[in-house]
Amino acid sequence: MLRPGQSVILCALALLTLGVVMVNSASMAVDPIDVEAGTLHAETAQSVMTRSGVTFESILLSRSSVFMIIALGAMGLASFLPVRALAHRLEETPRVGRPGELGWLALGTVLILAVLCLVYIPGMSRVVNGSARWISLPIPGLGSVQPSEIAKWSIIPLLAWYAARRERSVGMGRFFRGLAPAIIALGLVAGFVVLEDLGTGALIAMAGALLLLASGARFWHFAMFIPPAVAGVTLAIWQSPYRLQRIITFIDPYADPQGAGYHMIQSMSTVAGGGLFGRGLGHGLQKFGYLPEDTTDFLFAIICEELGLAGALLVVSLYAIMIWNALAIVRGAGLLSLKLVGLGVTATIALQAVINMVVVTGLGPTKGIALPLLSSGGTGWILTGAMLGSHGRLR
């Protein structure tokens, strides 16, 4: 019988493996040749691959395989960390002098914000599609790092440690001495991320809110922050024309099928084109210049097209099994800080997967948020792998 930690690792390995295969499949392209009647037709596109093609060897040597190996290495290293001993020391050691919980919370928040500010430093920032979300690495072949991913995973242990320490002293049920400082820290980090990435910022806010509620904070205290949060999101959408356009497009994507509605329509067409068992691995059509972001945020659509409903159910099942066993680990964790870290990690992965699938299937406005451990992305794979590796050490 597999233990919960082993099940989580096996599900992560399965998702990473599937991610490598599907990212390489979605990366297929056709030569830009013309036929007598004009450009290449979609019906024949699948039979005219690039000269290099996609082979077993090319998959093994691809960037996604390299990132998978690094992610597995991070997962393995994190699984040997003395998480319980460290948490026991940080949570139960009596306070000595200053700065105390508030000081360390403020310092941790400033450090996270400093990392996020790196995307605005000339020479380090890498702008893609008008958004400054990446910083360039000086290592050839490894591309860029997303500071928002670092912030997403750093805020969880910071809030968990603060909440556990506060719960042992004044209690998280106290507003000004318990919840308010944590909410301010969470709001600053999530709000800064929203400037460039609304989806990730909202994800950070939701996962952090669940963590704080589980720590003993009162729901009606959170209710006081709902109006300013809604106002902030509304302002972020209103001041960004492309975000407002996405909301309008979601309501009626066919109002501008060749313009604003193109992405959503193509995504839904890709999902529907797979049927029950799909067109077959590598035989999808929409990846040949029709579906944007097919290797990243909309990889799930390619999975649906090539592997069909069966492939989609496989992905959903792997996530469900992972989340179920991750929650079992959380229930078995002894210290409150470990429970909260585990819950934060689990909630982040679950919410991110759900948001991505909702967007890809046309049930929500188009938003650039990756599918955990599947969508192409080095930073996300590595950090998610590390968090899952340490997750298994909570009990």
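What comes next is a walk through the structure. Computed from a predicted structure; not experimentally measured.

**A closer look at the overall build of the protein**
On a plain count of helices and strands, the protein comes out with 16 helices and five strands. A separation of at least 24 residues holds for 72% of the contacts in the protein among residues at least 6 apart in sequence. Within the structure as shown, the protein displays about 18900 Å² of accessible surface, and the carbon and sulfur contribution to it stands at 69%.

**Concerning the environment of A229**
Mapped onto the elements, A229 comes out in helix α11 (residues 226-238). Using a relative accessible area of 44% as the deciding quantity, one classes A229 as partly exposed. Along the sequence, A229 and A205 sit 24 residues apart, while their C-alpha atoms lie 9.6 Å from each other.

**Remarks on empty space enclosed by the protein**
One pass over the full model with this rule turns up two cavities of 30 Å³ or more. Lining of the second largest cavity is provided by K152, I155, I156, L203, I204, A207 and T348. The residue inventory of the lining of the second largest cavity, partitioned by class, reads five nonpolar, one polar and one charged.

**Focus on helix α4 (residues 63-78)**
Compared with the 22 Å implied by 1.5 Å per residue over 16 residues, the 22 Å span of α4 between its first and last C-alpha is a close match. Of all the residues in α4, the buried ones are S64, S65, F67, M68, A71, A74, M75 and A78. Those residues of α4 hidden inside the fold are in contact with α1 (4-26), α3 (56-60) and α16 (378-391).

**Notes on the packing of aromatic side chains**
Under the criterion given, the structure shown has three aromatic pairs. Members of the aromatic cluster, each reached through a chain of ring pairs, are F175, F176 and F225. Above the plane of the ring of W324 lies R331, whose end atom (NZ or CZ) is 5.9 Å from the centre.

**Considering the side chain of E196**
Along the chain, the position of E196 falls in the loop between α8 (175-194) and α9 (198-214). We classify E196 as buried; its relative accessible area is 17%. There is a polar contact of 3.0 Å between the side chain of E196 and the side chain of Y120.

**Concerning the nonpolar core**
In terms of nonpolar packing, the biggest core is built from 82 residues, with I155, L212, M322 and L374 touching the most fellow members. Here the element with the most residues in this core is helix α14 (residues 299-332); it accounts for 14 residues. For L212, the contacting residues outside a window of four places in its chain are A163, M172, L179, A182, I183, L186, A217 and F222.

**Section: unusual backbone geometry**
Positive phi values are uncommon outside glycine, yet E293 reaches one of about 55°. In this fold, E293 is placed in the loop between α13 (262-272) and α14. What makes E293 partly exposed here is its relative accessible area of 35%. Its identity is not glycine, yet L373 carries a phi of approximately 65°, on the positive side. Within the secondary structure, L373 is located in the loop between α15 (336-360) and α16. On the accessibility criterion, L373 (2% relative accessible area) is buried.

Criteria and thresholds
- Residues numbered from 1 in each chain as written.
- Predicted model: local features only at pLDDT ≥ 70, side-chain atom pairs only at ≥ 80, totals over all residues.
- Heavy atoms only, no water.
- Helix = DSSP H or I, 4+ residues; strand = E, 2+ residues; numbered from the N terminus.
- Contact = heavy atoms within 4.5 Å.
- Areas by Shrake-Rupley, 256 points an atom, 1.4 Å probe, with all protein chains shown as cover.
- Buried < 20%, exposed > 50% of the residue type's maximum accessible area, 1.4 Å probe, protein only.
- 1 Å grid on protein atoms, 1.4 Å probe; cavity = no way out; pocket = protein on both sides within 12 Å on 5 of 7 lines; lining within 4 Å.
- Points joined across faces, edges and corners; volume = space filled by probe spheres on them.
- Nonpolar A, V, L, I, M, F, W, Y, C, P; charged D, E, K, R; others polar.
- Expected span 1.5 Å × (residues − 1).
- Phe/Tyr/Trp six-rings, centres within 6.5 Å; stacked < 30°, edge-to-face > 60°.
- Lys NZ or Arg CZ within 6 Å of the ring centre and 35° of its normal.
- Polar contact = N/O pair within 3.5 Å; in protein donor to acceptor, adjacent residues only side chain to side chain.
- Core = buried A, V, L, I, M, F, W, Y, C linked by side-chain atoms within 4.5 Å.

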